[in-house]
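# Fold and geometry: a report
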Amino acid sequence: MLIRHKHCPACGTAVDYRTPEGDGRERACCPACGAIHYQNPLCVVGTLPVWDTPAGPQVLLCKRAIEPRHGLWTLPGGFLELGETTAAGAARETDEEAGAQIELGPLYTLLNVVKVGQVHFFYRARLLSPVFNPGPESLEARLFAEHEVPWDEIAFRTSRVTVERFFEDYRAGRPMSLYAADIA
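Residues numbered from 1 in each chain as written. Predicted model: local features only at pLDDT ≥ 70, side-chain atom pairs only at ≥ 80, totals over all residues. Heavy atoms only, no water.

## Regarding the overall build of the protein
From N to C terminus, the protein includes 2 helices and 11 strands. The linear arrangement of helices and strands in the protein, starting from the amino end, is β-β-β-β-β-β-β-α-β-β-β-α-β. Dimensions of the protein, computed from C-alpha atoms along their principal axes, come out at roughly 65 × 35 × 30 Å. Buried residues in the protein amount to 41% of all 184 residues. For the protein, the share of sequence-separated contacts (at least 6 apart) that also reach a separation of at least 24 residues comes to 58%. A total of about 10200 Å² of accessible surface is found on the protein, and carbon and sulfur atoms cover 53% of it. The average position of the 18 basic charges and that of the 23 acidic charges among the side chains of the protein differ by 5 Å. (Helix = DSSP H or I, 4+ residues; strand = E, 2+ residues; numbered from the N terminus. Buried < 20%, exposed > 50% of the residue type's maximum accessible area, 1.4 Å probe, protein only. Contact = heavy atoms within 4.5 Å. Areas by Shrake-Rupley, 256 points an atom, 1.4 Å probe, with all protein chains shown as cover. Lys, Arg positive; Asp, Glu negative; His and termini not counted. Charge placed at Lys NZ, Arg CZ, Asp CG, Glu CD.)

## With respect to the sheet that holds strand β3 (residues 36-37)
Across the sheet, 3 strands lie side by side as β1-β2-β3; this open sheet has antiparallel pairing. Pairing within the sheet leaves two strands with one partner each, and these edge strands are β1 (16-18) and β3. (Pairing = 2+ DSSP bridges.)

## Some details on the pattern of salt bridges
A full pass over the atoms with the stated rule returns 10 salt bridges. Across the pair glutamate 26 and arginine 4 runs a salt bridge whose closest N-O atoms are separated by 3.2 Å. Here the residue glutamate 26 occupies a position in the loop between β1 and β2 (27-29), and arginine 4 occupies one in the segment before β1, the gap between them amounting to 22 residues. The class for glutamate 26 is partly exposed, based on a relative accessible area of 46%. Close ionic contact of arginine 174 with aspartate 169 constitutes a salt bridge, the shortest N to O distance being 2.8 Å. On the basis of relative accessibility, which here comes to 1%, the residue aspartate 169 falls in the buried class. One connected set of salt bridges, linked through shared partners, spans Glu84, Arg92, Glu93 and Glu96. (Salt bridge = Lys/Arg side-chain N within 4 Å of Asp/Glu carboxyl O.)

## Examining the environment of glycine 83
Of note, glycine 83 is situated in the loop between β7 (77-79) and α1 (86-98). Judged by its relative accessible area of 87%, glycine 83 falls in the exposed class. Along the sequence, glycine 83 and threonine 53 sit 30 residues apart, while their C-alpha atoms lie 36 Å from each other.

Taken by themselves, the reported measurements are silent on function.
Laid out in structure tokens, this is it:
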């Protein structure tokens, strides 16, 4: 999702759109200060928190208290902040949204959402406790077995794909290895 700047964020002068020398794409270029403004995808980071039970695994979902998609369920996640790794951001978001204590595992899904200029990174996580303390961005945090997941109330396609993939891998007895895909 390209945002067309009208003015230079650095000095306020009206920008020109042109392809800078040595570049292959049109960019917002400031004729006054010479700044070239690049636009890059946003990183969304989160976790797939799992609680193992004798009856099978359960995943932690959060019911959103904010827009977009208020009242729908999602994996805990959000935008990566400057100065943090994707793993640190995923752990932070899990704490902020669910108040969940986790042991962070490996990267599980990497999903390109080109249409909105985002890349989503979800890490597997082992829940250390089934007790949660959701933050202000969540109405509720709850564990779901596969048959209990509110599939029609999942807020974002990337959360749905990640949860579906997890239960498919579990049922098939497959190793939980990295899954990368483009999401329409």
